[in-house]
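# An overview of the molecular structure
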Amino acid sequence: MQIDIVTIFPEFFGVLDVSLLGKARRDQLLALGVHDLRDWTSDRHRTVDDTPYGGGAGMVMKPEPWGAALDALLGEPAAGDSGDDGEQADAVVIFPTPAGVPFTQALARELANERRLVFACGRYEGIDARVADYAATRARVLEVSLGDYVLNGGEVAAMAMIEAIGRLVPGVVGNPESLVEESHEAGLLEHPSYTKPQVWRGLEVPAVLRSGNHAHVAAWRHEQSLERTRRVRPDLLPDDQR
Ligand code: ADE
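Here the structure is a predicted model, which means the values were calculated and not measured. (Residues numbered from 1 in each chain as written. Predicted model: local features only at pLDDT ≥ 70, side-chain atom pairs only at ≥ 80, totals over all residues. Heavy atoms only, no water.)

### Section: the packing of aromatic side chains
As a reminder, the rule being used: The pairing test for Phe, Tyr and Trp rings, Trp by its six-membered ring, is centres within 6.5 Å, and the orientation test on the planes gives stacked under 30 degrees, edge-to-face over 60, and tilted for anything in between.
A full pass over the atoms with the stated rule returns 1 aromatic pair. Measuring from centroid to centroid gives 6.0 Å for Phe9 and Phe12, while their planes differ by 55°, and the two rings are tilted.

### Describing unusual backbone geometry
Basically, it comes down to this: Helix and strand labels come from DSSP, where a helix needs a run of H or I of at least four residues and a strand needs a run of E of at least two; each type is numbered from the N terminus. We call a residue buried when its accessible area falls under 20% of the maximum for its residue type, exposed when it is over 50%, and partly exposed in between, using a 1.4 Å probe and counting protein chains only.
The omega torsion of the bond from Lys196 to Pro197 falls at 5°, within 30 degrees of zero and hence cis. On the secondary structure map, Pro197 appears in the loop between helix H6 (177-180) and strand S8 (199-200). A positive phi is found at Ser19, a non-glycine position, where the angle reads about 65°. One can find Ser19 in helix H1 (residues 19-26). When its relative accessible area of 61% is taken as the criterion, Ser19 is described as exposed. Even without glycine at this site, Tyr124 takes up a positive phi of about 55°. Its location among the elements puts Tyr124 in the loop between strand S6 (116-120) and helix H4 (130-138). Under the relative-accessibility criterion, Tyr124 is labelled partly exposed at 39%.

### A short note on the site of the ligand
Put simply, the rule is: Think of it this way: one heavy atom of a residue within 4 Å of a molecule or strand is enough to make that residue near it. Under the rule applied, a polar contact is a pair of N or O atoms within 3.5 Å (in protein, one hydrogen donor and one hydrogen acceptor; residues adjacent in sequence only if both atoms are side-chain atoms). In this description, accessible areas are obtained by the Shrake-Rupley approach with a 1.4 Å probe, and a residue is regarded as covered only by the protein chains that are shown.
Residues in contact with the ligand, as listed here, are Pro96, Thr97, Pro98, Val144, Ser145, Leu146, Gly147, Tyr149, Val150, Leu151, Gly153 and Ala157. Leu146 is positioned with one of its backbone polar atoms (N or O) 2.9 Å from a nitrogen atom of the ligand. One of the backbone N or O atoms of Leu151 is found 2.9 Å from a nitrogen atom in the ligand. Taking 260 Å² as the accessible area of the ligand by itself, protein coverage stands at 96%. Of the residues forming the shell around the ligand, the biggest block, 3 residues, is contributed by strand S5 (residues 92-102).

### Re the environment of Leu189
To be explicit about the condition: In what follows, a contact means two residues having at least one pair of non-hydrogen atoms within 4.5 Å.
Along the chain, Leu189 turns up in the loop between H6 and S8. For Leu189, a relative accessible area of 11% corresponds to the buried category. Each C-alpha atom, one on Leu189 and one on Pro238, is 14 Å from the other, the two residues being 49 residues apart in sequence. With near-sequence residues (within four places) excluded, Leu189 lies in contact with Ser183, His184, Ser225, Arg228, Thr229, Val232, Arg233 and Leu236.

### A short note on H4
Here H4 has its buried residues at Val131, Ala132, Ala135, Thr137 and Arg138. For H4, the elements touching its buried residues are helix H2 (63-74), S5 and strand S7 (140-145).

### Notes on the sheet that holds strand S2 (residues 31-36)
Across a sheet, paired strands are connected by hydrogen bonds in the backbone, their directions being either parallel or antiparallel. Condition: Two strands make a pair as long as DSSP finds a minimum of two bridges between them. Axis angles are defined between N-to-C directions and span 0 to 180 degrees, where every axis is a line fitted to C-alpha atoms and, for a helix, only to the segment in contact.
Read across the open sheet, the 5 strands follow the order S2-S1-S6-S5-S7; overall the sheet is parallel. If you trace the sheet from one side to the other, it starts and ends with S2 and S7, each paired once. Strand-to-strand twist across the sheet, computed as the mean angle between neighbouring axes with direction ignored, equals 25°. Sheet strands in contact with H4 are S5 and S7, and its direction is about 140° off that of S7.

### With respect to the pattern of salt bridges
Rule in force here: For this analysis, a salt bridge means a side-chain nitrogen from Lys or Arg found within 4 Å of a carboxyl oxygen belonging to Asp or Glu.
Applying the stated criterion to the full structure yields 18 salt bridges. The salt bridge partner of Asp17 is Arg25, with a shortest N-O separation of 2.9 Å. Relative accessible area serves as the criterion here: at 46%, Asp17 is assigned to the partly exposed category. Taking the relative accessible area as the measure of exposure, Arg25 reaches 25% and is therefore partly exposed. Taking the shortest distance from any N to any O, the salt bridge between Asp128 and Arg130 comes out at 2.7 Å. What makes Arg130 exposed here is its relative accessible area of 51%. Here the salt bridges do not stand alone but share partners, grouping Asp36, Asp39 and Arg46 into one network.

### Considerations on the nonpolar core
The criterion, for reference: Residue types Ala, Val, Leu, Ile, Met, Phe, Trp, Tyr and Cys, when buried and joined through side-chain atoms within 4.5 Å, form a set referred to as a nonpolar core.
Ranked by internal contacts, the top residues of the largest apolar core, which has 33 residues, are Ile3, Leu117, Phe119 and Ile165. In terms of residue count, the dominant contributor to this core is helix H5 (residues 155-166) (7 residues). Setting aside anything within four residues of it in sequence, one finds Leu117 in contact with Met1, Gln2, Ile3, Asp4, Val92, Ile94, Leu111 and Ile165. If you look at the next biggest cluster of nonpolar residues, it comprises 21 residues, including Val6, Leu37, Leu74 and Val118.

Structural data, given as structure tokens:
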């Protein structure tokens, strides 16, 4: 999978060199391009923002550098192409924004099947709305929110999404079975996990996990998942199971 990130803070993404995703890059399962939006500005000050039409606090990211960045990454539109019936690039362009659709495990799974993702990380009060409209003439576009809170920009959200998506790309996580038994895969939160020693600071590992009876272990884990989901995330359950 190819992932491109456009940002005014490329240094944010240095951490993608470490851990599982760093290894996936070295193993060429993931190709990551981090691009500085200011490289697509044309003025001496490398300006990326301006005051909002209609007034209000804060600054809005200007469309011109974003248009140039998208053209560079997706390919120039064909001459005379108004966009509407033009050829779509084989990529999904993702705008992290608190005004987007919620990012979920299901969306991560869907995006892990794509050949190419482009993350457009806005700052300030967001990106001029025409940029997403333009991008939609060139590729599939998603505005995606990490959750109901406001970050200072899209970078941290993009990083979280890249980690959630990247680990679902075949080969990235060594043991694919570990992807199945985790929170949100079966629509439930994960059961608690334990390792040795059997007793630690007076706290004992539940006996059923040491019984060697796989059916009992599976039933206990399912019950624990359900109980935890009911307690902390009843919204994940159908009405009759809450
Ligand atoms: N940018 C700022 N806040 C965000 C959020 N909650 N999700 C995605 N992108 C964001």
